[in-house]
Every structure is written in C-alpha cells, then in structure tokens.
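Observations on the three-dimensional arrangement
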Amino acid sequence: MNEWHGKKLIKQLPLWGILVSLALILSFIESLIPFYFGIPGMKLGLCNAIVVILLYLSSAQEALLINLCRIVLAGFLFGNAFGILYSFGGALLSFLCMWTVYRTGLFTITTVSIIGGLTHNIGQLCVASAVLENVNIFWYAPALMLAGAVTGAVIGVLATELIPRLRFLFIS
C-alpha cells in the first residue's frame, strides 16, 4: 500500500464508522416498527438507503463493506445466526444486481433501488429454501416481490433526495 492510499484510508475510517453506526441505528429503528403483512421477515429495508447512497457517492467496495459490517453487527445485536445468513444471501445478490445496473448508467437511482429490493427478497428466498430444504417457500415470492418493489421505490426516492445533500462528505 502506497503512502497516499494509506492516508486516504485513515481519513475515511471515521466516516465508515459513522455510516455503520447509522446503518445499525436504522436497523434498530426498523426492528421497532411493526411492519407485518403475513410474511415472516418482511422489513422496510431502511438501511439499504446507505448502500444505494454509497454506490453513487463512494465506491462499490465501500458500499459492500459497510453493508456486510452492518449485517454482522445487527445480527448479533438484534437477531440471530439465521437472520445473518438470510441477510447475507439477500444483501449479496441485491448488491451484485444493483452494482451491475448502476454501472450501465441507464437507470435512475430509484430504479437501481427497486432492483435491489426485488433481488434482496429473491436472495433471501433462495437461502431459506436451501436452509429449510423446501422449495415451497417460493410461494411467498409474489408478495415479497410487491413489497420489494414498493420499499425499493421508497428507499430510491429517499436516496435521490439525500445524495445531493451528502455529496460534500465524499469529496476527497
């Protein structure tokens, strides 16, 4: 690692800590909101706004790192091992798809977020199917796709409003 890269890393560590903390706070707030529509594990996904914002203002590596740290910490603080496993499955697929469509430059922030919401649910269903050894779990897919599209749109609109206001934090 060259000297410039090391200085940049040290300069970004406090911001990363703040972002992980914010994601944890959003995860905690989300755990307090009674958002249940008959589907186990359905959540608003507020902390995904941070991932979308980081994709646009920072880098894919930082977005993924912050999200994975948040998943592990939130899982230990507010969940369990299965929650961490399901979150990893959803987060990895969601991130890969969002990053792919973001890189094309053809989609709006809201569309990228909707794709993230949809694919997050698909990833979680795949993990649940493997863990439970039951493909019938995919009967939840239509309801989860609708929820993923709606929450993805809300997160996308939120990110669209926040990105111009937060750009100053990421200017080196």
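Residues numbered from 1 in each chain as written. Predicted model: local features only at pLDDT ≥ 70, side-chain atom pairs only at ≥ 80, totals over all residues. Heavy atoms only, no water.

1. Section: the nonpolar core
Grouped burial of nonpolar side chains is what soluble globular proteins tend to show. The biggest cluster of nonpolar side chains holds 28 residues, and the ones touching the most others in it are Leu19, Ile50, Leu54 and Ile66. Mapped by element, the contributors of at least two residues to this core are helix H1 (3–32), helix H2 (48–57), helix H3 (60–78), helix H4 (81–104), helix H5 (109–132) and helix H6 (141–166). Those residues in contact with Leu54 that sit more than four places away from it in its chain are Leu19, Ser59, Glu62, Ala63, Ile66 and Phe170. (Core = buried A, V, L, I, M, F, W, Y, C linked by side-chain atoms within 4.5 Å. Buried < 20%, exposed > 50% of the residue type's maximum accessible area, 1.4 Å probe, protein only. Helix = DSSP H or I, 4+ residues; strand = E, 2+ residues; numbered from the N terminus. Contact = heavy atoms within 4.5 Å.)

2. Considering unusual backbone geometry
At Glu133, a residue that is not glycine, the phi angle is positive and equals roughly 50°. With respect to the helices and strands, the residue Glu133 is situated in the loop between H5 and H6. We classify Glu133 as exposed; its relative accessible area is 74%.

3. Things to note about H6
Under the 1.5 Å per step criterion, the end-to-end length of H6 is 35 Å for 26 residues, consistent within 8% with the ideal 38 Å. Taken together, the buried positions of H6 are Ala141, Leu144, Ala147, Gly148, Thr151, Gly152, Ile155, Gly156, Ala159 and Ile163. In this fold, the buried residues of H6 make contact with H2 and H5. (Expected span 1.5 Å × (residues − 1).)

4. Some words on H3
Across its 19 residues, H3 extends 26 Å between first and last C-alpha, which sits within 8% of the 27 Å expected from 1.5 Å per residue. Restricting attention to buried positions, one finds in H3 the residues Ala60, Glu62, Ala63, Ile66, Asn67, Arg70, Ile71, Ala74 and Gly75.

5. Details of empty space enclosed by the protein
In total, this model carries one cavity of 30 Å³ or more according to the counting rule given. Here the largest cavity defines a volume of roughly 30 Å³. Surrounding the largest cavity, Asn48, Val51, Asn67, Ala91, Ser94, Phe95, Met98 and His120 form its lining. Looking at the lining of the largest cavity, the elements with two or more residues in it are H2 and H4. Per-class residue counts for the lining of the largest cavity are four nonpolar, four polar and no charged. (1 Å grid on protein atoms, 1.4 Å probe; cavity = no way out; pocket = protein on both sides within 12 Å on 5 of 7 lines; lining within 4 Å. Points joined across faces, edges and corners; volume = space filled by probe spheres on them. Nonpolar A, V, L, I, M, F, W, Y, C, P; charged D, E, K, R; others polar.)

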